[in-house]
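For reference, the chains in residue letters:
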Amino acid sequence: MIYQQKLRFSTKGRGTYNISEQIQECIDKSGIKSGICNLFIQHTSASLILCENADKTVREDLDAYMAKLVKDGDSMYKHQDEGPDDMAAHIRTILTQSALSIPIYKGRCDLGMWQGIFLWEHRTNFHKRNVSITIMGE
Amino acid sequence: MVFQDTIKLAPQGKGASDITGPIRDIIRDSKIKTGSCQLFVHNSQSRLLIHDTVDEATKEQTVDFLAQLAPGRDDSVNLINDSMEAIPASMYTAVTQTTIAFPVSRGKPLLGIWQGIFLWERTTEPKERILTITIIGE
């Protein structure tokens, strides 16, 4: 059995947003008890990550690390049409994930106790982000 | 229903080439309308990227960034000697993908409007590449 749905998230600029609950709601709606949940973000300047969910400073540190690794407005960038965070956001996306695949066990997204599913917004401005979910199982 | 095909990609020089077209054709021919598509490339030197398709410069900049992150023999002759080329090549594999998955909807890849699928080659010796495409759905 296959269930497919599109979710839309509003972001408030650069940072991580926990979307685990919304994903679980989709799994509940699908009625699938055992299978695989594939997530895919339809953008090239935002990504999906699995990350520690208890202490938000972990994700703040992750963002600080990424900002150091991929500098906004680096003079090597040719593509700066939409500001200094534009090209950096594309690179940050490549270094992380556009897709995640998570097992479903007994109707639950089978994450580790301290794992959460996060949408990582790489642009500094507000954006609307589409994430499509494909659940396969029975 | 499961559809699987293995295709050969003609040797290409260093850089990223758009393979969205042939993938779209295979999905259409599979007759699967809703599901998930997984791509897997059978070597570790070429990488699969989901990247922005609007501005050619963004792709070049991403590739330049990755080259700076792990310089190869031809990127920075001062840093790496010939025998060490395998080391930066393996670093790339940690931050980029051998396999990517994306949803299929209405018999088409459900990509964002500005997303494309690219095969990125690091090598200076072009080789034919094998890609397996697995589509699961109905």
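Shown above is the structure to which this text applies.
This report concerns the structure included in the present document. (Residues numbered from 1 in each chain as written. Chains lettered and ligands numbered in written order. Predicted model: local features only at pLDDT ≥ 70, side-chain atom pairs only at ≥ 80, totals over all residues. Heavy atoms only, no water.)

### A look at the overall build of chain B
Within chain B, the regular secondary structure consists of three helices and eight strands. Written out in order from the N terminus, the α and β elements of chain B read β-β-α-β-β-α-α-β-β-β-β. Burial status across chain B gives 50% buried among its 138 residues. Relative to all contacts within chain B whose residues are 6 or more apart in sequence, the contacts with residues 24 or more apart total 84%. Total accessible area on chain B is roughly 6700 Å²; 54% of this is exposed by carbon and sulfur atoms. (Helix = DSSP H or I, 4+ residues; strand = E, 2+ residues; numbered from the N terminus. Buried < 20%, exposed > 50% of the residue type's maximum accessible area, 1.4 Å probe, protein only. Contact = heavy atoms within 4.5 Å. Areas by Shrake-Rupley, 256 points an atom, 1.4 Å probe, with all protein chains shown as cover.)

### Here we look at a positive patch on the surface
Taken together, the side chains of A:K6, A:R8, A:K128, B:R24, B:R106 and B:K108 present a region of like positive charge at the surface. Examined against the element boundaries, B:K108 turns out to sit in strand 6 (residues 108–109). (Patch = residues over 30% accessible without salt bridge, like charges linked within 9 Å, V, L, I, M, F, W, Y side chains within 5 Å. Salt bridge = Lys/Arg side-chain N within 4 Å of Asp/Glu carboxyl O. Lys, Arg positive; Asp, Glu negative; His and termini not counted. Charge placed at Lys NZ, Arg CZ, Asp CG, Glu CD.)

### Structural notes on helix 1 (residues 20–30) of chain B
Residues and elements named next belong to chain B. Of the residues making up helix 1, those classed as buried are T20, I23, I26, I27 and S30. Here the buried residues of helix 1 occupy an arc of 130° about the axis, which is enough to place them on one side. Once helix 1 finishes, K31 follows within two positions and takes phi at roughly 70°, a positive value. (Arc of directions from axis to C-beta.)

### Some details on the layout of surface pockets
In this model, the largest pocket occupies a volume close to 550 Å³. Residue lining of the largest pocket: 29 residues in total, with A:A99, A:S101, B:T99, B:I100 and B:A101 positioned closest to the centre. At the level of elements, strand 3 (35–41), helix 3 (85–95), strand 5 (99–105) and strand 8 (126–137) of chain A together with strand 3 (35–41), strand 4 (46–52), strand 5 (99–105) and strand 8 (129–137) of chain B are the ones that each hand at least two residues to the lining of the largest pocket. At five residues, the largest contribution of residues to the lining of the largest pocket is made by strand 5 of chain B. Its boundaries defined by the atoms lining it, the second largest pocket holds a volume of some 370 Å³. Lining of the second largest pocket is provided by 20 residues; of these, A:T44, A:S45, A:E82, B:D52 and B:W114 occupy positions nearest its centre. Secondary structure elements with two or more residues in the lining of the second largest pocket: helix 3 and strand 8 of chain A. (1 Å grid on protein atoms, 1.4 Å probe; cavity = no way out; pocket = protein on both sides within 12 Å on 5 of 7 lines; lining within 4 Å. Points joined across faces, edges and corners; volume = space filled by probe spheres on them.)

### Considerations on the pattern of salt bridges
All names here are of chain A. All chains considered together, the criterion is met by eleven salt bridges over all chains. The salt bridge partner of K56 is E60, with a shortest N-O separation of 3.3 Å. Taken as a pair, K56 and E60 lie in helix 2 (residues 56–69) at a separation of four residues, close to a single helical turn. Note on K56: relative accessible area 53%, which makes it exposed.

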